[in-house]
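Breakdown of the fold
Residue-level listing of the chains:
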Amino acid sequence: MDYQRGMVCAECHHVTFDLSTTATKQFTNNFPQLSNDEIWEKISDFLPGRERFALTTSYNGEPTATTVDMVLDKDEKVLFVVSEKGTEKLLHIRKNPNISAVRFKGWTVADGGKKEWRSTQIKGTAEIIEHTDPRFDATLDKYNLVRVTKERAHLRFDLIRITPTQIYYFDTELGANDDSVYQLWK
């Protein structure tokens, strides 16, 4: 039988999907992967500045998704978020530091145009950096606030430092080189 590029196991036979066998893992396990350094370079290029993400936290088994601006520290391989003190996401992180976040850019059915898209799907742990933490000012400088002074930021914000444990980088253009459109960075 001939297999078309991008064809997955479920198209030929019954597959029991579980946490070991997922649709995304079929791509990462069965098509060529870039090196971890190459994937990180693609992620860094995709996240050049302050980028809008959907961040998901969970408390008592109930997820909550919020939109946040994140800044990638390419050298430390962490992301930073500025958050108003007292937000639900901060309360969740204090109880459960595990997070998931996604950034998407590209084609939609409504917009039409060229059918290309990229995304990052991040799983990781979050740490709250309060205004009294010696890392607060240096982290704030990396974030590059535009409307609030550093003095006001100390009164108003806490910072979130996200350490990714894995990132799925998705890029439809990778398929042109016969690489997997899903690349897993760990």
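Shown above is the structure to which this text applies.
Only a predicted model underlies this, so the values are computations on that prediction, with no experimental measurement involved.

Okay, the side chain of R161 next. Tracing the chain through its elements places R161 in strand β6 (residues 157-171). For R161, a relative accessible area of 18% translates into the label buried. At 3.4 Å, the side chain of R161 forms a polar contact with the side chain of T163.

In this sheet, strand β2 (residues 62-73) lies alongside strand β1 (residues 50-59) in antiparallel orientation, the contact comprising ten bridges. By the bridge assignment, R52 is partnered in β2 with D69. Counting the residues between successive antiparallel strands, the hairpin from β1 to β2 contains two residues, one of them, N60, with a positive phi of roughly 50°.

In this section: the environment of W185. You can see W185 is positioned in strand β7 (residues 182-185). Spatially, the C-alpha atoms of W185 and I122 are 9.6 Å apart, while their sequence positions differ by 63 residues. In contact with W185, not counting residues within four places along its chain, are N36, I39, W40, I43, K77, P164, T165, Q166 and I167.

The next subject is helix α3 (residues 88-95). Every buried residue belonging to α3 is among K89, L90, H92 and I93, and all of these are buried. What you see down the axis of α3 is that its buried residues fit within an arc of 160°, all on one side. Where the residues of α3 are buried, they touch β1, β2, β3 (78-84), β4 (98-106), β5 (117-129) and β6.

About the cut-offs
- Residues numbered from 1 in each chain as written.
- Predicted model: local features only at pLDDT ≥ 70, side-chain atom pairs only at ≥ 80, totals over all residues.
- Heavy atoms only, no water.
- Helix = DSSP H or I, 4+ residues; strand = E, 2+ residues; numbered from the N terminus.
- Buried < 20%, exposed > 50% of the residue type's maximum accessible area, 1.4 Å probe, protein only.
- Polar contact = N/O pair within 3.5 Å; in protein donor to acceptor, adjacent residues only side chain to side chain.
- Pairing = 2+ DSSP bridges.
- Contact = heavy atoms within 4.5 Å.
- Arc of directions from axis to C-beta.

Geometry only, nothing functional implied.
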